[in-house]
Amino acid sequence: MRKAEIARKTAETDIRVEIELDGSGKYDNDTGVGFFDHMLDQLARHALIDMRVRASGDQHIDDHHTVEDVGIALGRALAEAVGSKRGITRYGSCMLVMDEALIRAALDISGRPFLVWKVEFPTEKIGTFDTQLVREFFTAFAMNSGITLHVERLDGFNSHHIAEAAFKAVARALRMALETDPRRADAVPSTKGTLSE
């Protein structure tokens, strides 16, 4: 089973993440940041990754450290759970619509972390949540999971819809990339024979 559990404690946050890549999309997330929990739920549900996140942080300052550090821990958990990457499809993409919002996400579970982010939000806040933290999460997640990730907003004017569509699009791309390739289930999907960590 492709599972991982990561605990990460700093002076700013205390985080525990448990994931199972071959799950059914069950989730139990509690970070103390309501909108962020809702986004993590979408990530789990649409990637079909079972996910449990517990986080506490210095939210008397703001939500930045909590969101970023969950991205770090979740990225490390994904990297550990996917292991040698043997048998995975490796690449995934999704064009996802949510009402007026349209997001394109593409990724490569390559071992070479990179983020291309072309998502602008029309507002600075979704409720009390800073929209700039969506990028912070995906930066931390991509850098620590070792994936190359591209996310682009093609349309949309509602910040909630844009953010949610981004999480769902990345989730669907992840689901595709993590699936076992039935024609190459015993091979690492690289002409080099390895995908760097």
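These numbers were taken from a predicted model, which means no experiment stands behind them.

Asks: Which residues make up the overall build of the protein, and what are the values?
Replies: Across its full length, the protein holds four helices and 10 strands. Starting at the N terminus and ending at the C terminus, the protein contains elements arranged as β-β-β-α-β-α-β-β-β-β-β-α-β-α. For the protein, the C-alpha atoms occupy an extent of roughly 45 × 40 × 25 Å along the three principal directions. Taking all 197 residues of the protein together, the buried fraction comes to 53%. When contacts within the protein are restricted to residue pairs at least 6 apart in sequence, those whose partners lie at least 24 apart make up 76%.

Asks: Tell me about the packing of aromatic side chains, and please be specific about residues and values.
Replies: Counting across every chain of the model gives seven aromatic pairs. Plain terms: the ring middles of Phe-137 and Phe-138 are 5.1 Å apart, the flat faces sit at 75° to each other, and that makes the pair edge-to-face. Measuring from ring centre to ring centre gives 4.7 Å for Phe-138 and Phe-167, while their planes differ by 45°; the resulting arrangement is tilted. Taken together, the residues span a long stretch of sequence, with Phe-138 in helix H3 (residues 132–145) and Phe-167 in helix H4 (residues 159–178) at a distance of 29 residues.

Asks: How would you summarise the packing of H3 against H4 if you had to cite specific residues and measurements?
Replies: Put simply, H3 and H4 touch, their axes get as near as 11 Å, and they point 20° apart. One finds that H3 runs roughly parallel with respect to H4. Seen along the crossing, H3 lies across H4 with a hand that is right-handed. From H3, Val-134, Phe-137, Phe-138 and Phe-141 reach across to H4, where they touch Ala-163, Ala-166, Phe-167, Val-170 and Leu-174. Classifying every residue of the contact of H3 with H4 gives nine nonpolar, no polar and no charged.

Asks: Describe H3, listing the residues and the values that go with them.
Replies: Relative to the 20 Å expected for 14 residues at 1.5 Å per residue, H3 spans 20 Å between its end C-alpha atoms, a close match to the ideal helical length. Check the buried side of H3 and you find it contacts helix H1 (34–47), helix H2 (64–82), strand S7 (114–118), strand S9 (129–130), strand S10 (148–155) and H4. Phi turns positive, to about 75°, at Gly-146, one or two residues after H3.

Asks: Pulling in residues and values, what's your account of the environment of Glu-124?
Replies: One can find Glu-124 in the loop between S7 and strand S8 (125–126). Residue Glu-124 is classed as exposed on the basis of its relative accessible area of 70%. Excluding residues that lie within four positions of it along the chain, Glu-124 makes contacts with Phe-129, Asp-130 and Thr-131.

Asks: Got a sec to walk through the sheet that holds strand S2 (residues 13–20)? Specific residues and values, please.
Replies: If you trace the four strands from one edge of the open sheet to the other, you get S1-S2-S4-S3, paired in mixed fashion. Here the strands that pair on one side only, and so sit at the sheet edges, are strand S1 (3–9) and strand S3 (27–30). Each adjacent strand pair in this sheet contributes to an overall mean axis angle of 5°, direction not counted. As paired elements, S3 and strand S4 (residues 50–57) share four bridges and run parallel to each other. Counterpart to Tyr-27 in the pairing with S4 is Met-51. Its contacts with the sheet place H1 against S3 and S4, and it is angled at close to 160° to S3.

Asks: Explain H4 to me, using residue names and the numbers behind them.
Replies: Relative to the 28 Å expected for 20 residues at 1.5 Å per residue, H4 spans 28 Å between its end C-alpha atoms, a close match to the ideal helical length. Sitting at the head of H4, Asn-158 places a side-chain oxygen 2.9 Å from the backbone nitrogen of His-160.

About the cut-offs
Residues numbered from 1 in each chain as written. Predicted model: local features only at pLDDT ≥ 70, side-chain atom pairs only at ≥ 80, totals over all residues. Heavy atoms only, no water. Helix = DSSP H or I, 4+ residues; strand = E, 2+ residues; numbered from the N terminus. Buried < 20%, exposed > 50% of the residue type's maximum accessible area, 1.4 Å probe, protein only. Contact = heavy atoms within 4.5 Å. Phe/Tyr/Trp six-rings, centres within 6.5 Å; stacked < 30°, edge-to-face > 60°. Axes fitted to C-alpha atoms, helices over the stretch in contact; angles between N-to-C directions. Parallel < 35°, antiparallel > 145°, perpendicular 65-115°, else oblique. Left-handed = near helix turned anticlockwise from the far one by under 90°. Nonpolar A, V, L, I, M, F, W, Y, C, P; charged D, E, K, R; others polar. Expected span 1.5 Å × (residues − 1). Pairing = 2+ DSSP bridges. Polar contact = N/O pair within 3.5 Å; in protein donor to acceptor, adjacent residues only side chain to side chain.

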